[in-house]
Amino acid sequence: MKNESKKLTKELKAGRNMRENVRRYSEVLSSAFTNYAVVKLSLNFFTLMEMIDALPDDRKEVTLGRVSDLKKALNKALTEGEADEADIKSVIDIRDAVTEKMKILTAYTDVFSIYEYVAVRRDPEYDGDEDSQLDTAGIAENMYNYVFQDDDKMLINSKIQSLISELPVRMTKDRFFDIINNTLNIYRGGEKEAVDDFTEMIKTAAVLSVPEGFDTEYPELAEIYGRLKENDFKTLTKAQHMAVIEDIERATDIINAYVTDYLMLIEVVNDTLTILLTLPNMDKSLLNDKYDISVKILVETVNAEDIYKAAEGFDELFVSLEGVQEDAYETLATVDSSLFDICDSYNEAIAEEGIEDIYAALNKADKLTSTSLFIDLDRDIRVVNDAADESYILEKKEELEKAFRKRFDETSVPVRRGIMAKVLAVLPVFFNNKEEIREYFNYALEKCADKTELSASVDKINELILGD
């Protein structure tokens, strides 16, 4: 498969047999996608069913309903070699539903991480001796040395962002907006899409808006969030602080449980959809007996009333598949590497051959097998030369500032600082030179007159430094 793909690419570059070669390449790549997805699913589908078996009844019922539709579509594709539009739509609907739920859980994760930042810095245990003094200048110098003990620029930037996320925030709202605005200025003249992505990242980090279903989809999380919002973090007693920590820990446990379910499910959904999109166009003669073994395991698992009984005969089959998934991925990566160039350079031949839909399916399969499990299948990577001019940048600045001012008006000072810390930690490093970094470290520590907050922040910073 690898060799044929290389040969086809070479032929296309030479301008030979364009229509025949773009069609043949689509068959080779479809075979590689199908093979990889089937092998992977044969190893993962049983694991998913085993995981579902251990779920609480409410989560089990919902997940089984989704998996039932996956089973029907898979069984038809693998036994009949077909995948109609209804099956594909059904699986895409499942994927969309899981993606929307993950968006809600991500928003709750962002919310609770802000409250965790605040709660850690309001811990009464840090009150200690009022007369004791921290050596803020020495701590700032340790931070500076920690950042620049390496020469790797990416590592330096990562360390700066990590430290900023733990430092006390001591800046005015206007200074905070200046930093965001200066970062937006970098995008002037670039693609509007890049500006939109940046502003969306900021909005997400600060939870400036929440996805549909945020208040209703997970009632216990909504209830915990409601309690946290009612706290006066400036005057927390030890008992109140403990209750806040317990709420955050409970919320984290709930989120982690659901996320674990969805991550396993989305992998199976993505592989199922890959099979439905590519199997009808594949050339089975390119595949070997390992593919047939994988199909056997998968079909029996999908149709089994008792998965444990079905799995009793799989031991030998699984042994024969050792290393096959890695080989299948390596083959796919080699063949798939030419997809973008072929779509970009030979779209006319693809159109003349009438196989635009096949290539559209291959592009979706390419996304489905990427590391971004929840990637938008309908968004194409493209350069549209739609430049963000001064007025567009100004529009985004005003949009963000308005949203932030509204959010800040609704929150107390400690929570506002938590929001700022979270946003500053995801921004590209906004310092012009090393001295500005040193000054920022010093300023943030020196200007924090709240001993509890300062002590908690310093502990977190020391954990970061010593952890490395």
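In case you missed it, the structure is sitting above this.
The structure displayed is predicted, hence computed values, not measured ones. (Residues numbered from 1 in each chain as written. Predicted model: local features only at pLDDT ≥ 70, side-chain atom pairs only at ≥ 80, totals over all residues. Heavy atoms only, no water.)

(A) Layout of the overall build of the protein. What the protein contains, in helices and strands, is 21 helices and zero strands. Taking the principal axes of the C-alpha coordinates as reference, the protein spans close to 80 × 55 × 40 Å. Residues classed as buried in the protein amount to 46% of the 468 residues present. Counting only contacts in the protein whose residues sit at least 6 apart along the sequence, the fraction spanning at least 24 positions is 83%. For the protein, the distance from the average site of its 57 positive side-chain charges to the average site of its 96 negative ones is 3 Å. (Helix = DSSP H or I, 4+ residues; strand = E, 2+ residues; numbered from the N terminus. Buried < 20%, exposed > 50% of the residue type's maximum accessible area, 1.4 Å probe, protein only. Contact = heavy atoms within 4.5 Å. Lys, Arg positive; Asp, Glu negative; His and termini not counted. Charge placed at Lys NZ, Arg CZ, Asp CG, Glu CD.)

(B) Here's a closer look at the packing of aromatic side chains. Scanning the model with the defined rule gives 21 aromatic pairs in all. Relative to Phe404, the ring of Phe176 has its centre 5.2 Å away and its plane inclined at 85°; by these criteria the two rings are edge-to-face. Of this pair, Phe176 sits in helix α7 (residues 173–185) while Phe404 sits in helix α18 (residues 390–409), and the two are 228 residues apart along the sequence. Comparing Phe176 with Phe404 shows no difference in burial state: the two are buried. (Phe/Tyr/Trp six-rings, centres within 6.5 Å; stacked < 30°, edge-to-face > 60°.)

(C) Region of interest: unusual backbone geometry. Within the chain, Asn17 stands out as a residue other than glycine whose phi angle is a positive 45°. One non-glycine residue, Val207, adopts positive backbone phi at about 50°. Within the element layout of this structure, Val207 appears in the loop between α8 (192–206) and α9 (219–230). By relative accessible area, Val207 is classed as buried at 6%.

(D) Spotlight on the packing of helix α5 (residues 136–147) against helix α21 (residues 451–467). At a minimum axis distance of 11 Å, the contact between α5 and α21 shows a crossing angle of 30°. Put simply, α5 runs roughly parallel to α21. Taken as a pair, α5 and α21 cross one another with a handedness that is left-handed. Residues Thr136, Ile139, Asn142, Met143 and Tyr146 of α5 pack against Leu454, Val458, Ile461, Leu464 and Ile465 of α21. Looking at side-chain class alone, the contact of α5 with α21 contains eight nonpolar, two polar and no charged residues. (Axes fitted to C-alpha atoms, helices over the stretch in contact; angles between N-to-C directions. Parallel < 35°, antiparallel > 145°, perpendicular 65-115°, else oblique. Left-handed = near helix turned anticlockwise from the far one by under 90°. Nonpolar A, V, L, I, M, F, W, Y, C, P; charged D, E, K, R; others polar.)

(E) Region of interest: the pattern of salt bridges. Counting across every chain of the model gives 36 salt bridges. Across the pair Arg188 and Glu390 runs a salt bridge whose closest N-O atoms are separated by 2.6 Å. Taken as a pair, Arg188 in the loop between α7 and α8 and Glu390 in helix α18 lie far apart in primary sequence, 202 residues in all. What makes Glu390 partly exposed here is its relative accessible area of 43%. Among the charged side chains, a network of salt bridges with common partners joins Glu4, Arg24, Glu27 and Asp283. (Salt bridge = Lys/Arg side-chain N within 4 Å of Asp/Glu carboxyl O.)

(F) Just the side chain of Glu453, in detail. Mapped onto the secondary structure, Glu453 falls in helix α21. With sequence-adjacent residues up to four places away left out, Glu453 is seen in contact with Arg121, Arg122, Pro168, Val169, Arg170, Arg417 and Cys448.

(G) Main features of a negative patch on the surface. Taken together, the side chains of Glu116, Glu246, Glu249 and Asp253 present a region of like negative charge at the surface. If you tally residues by element for the negative patch, the top one is helix α10 (residues 238–278), at three residues. (Patch = residues over 30% accessible without salt bridge, like charges linked within 9 Å, V, L, I, M, F, W, Y side chains within 5 Å. Areas by Shrake-Rupley, 256 points an atom, 1.4 Å probe, with all protein chains shown as cover.)

(H) Highlighting the environment of Leu277. Structurally, the position occupied by Leu277 is in helix α10. Sequence separation between Leu277 and Lys364 is 87 residues; the distance between their C-alpha atoms is 8.1 Å.

(I) Spotlight on the environment of Met154. Mapped onto the elements, Met154 comes out in helix α6 (residues 153–166). A sequence separation of 28 residues divides Met154 from Tyr126, and the C-alpha atoms of the two residues are 34 Å apart.

(J) Main features of α7. For α7, built from 13 residues, the straight-helix expectation of 18 Å at 1.5 Å per residue is met to within 8% by its first-to-last C-alpha distance of 18 Å. Looking only at α7, the buried set comprises Phe176, Phe177, Ile179, Ile180, Asn181, Thr183 and Leu184. (Expected span 1.5 Å × (residues − 1).)

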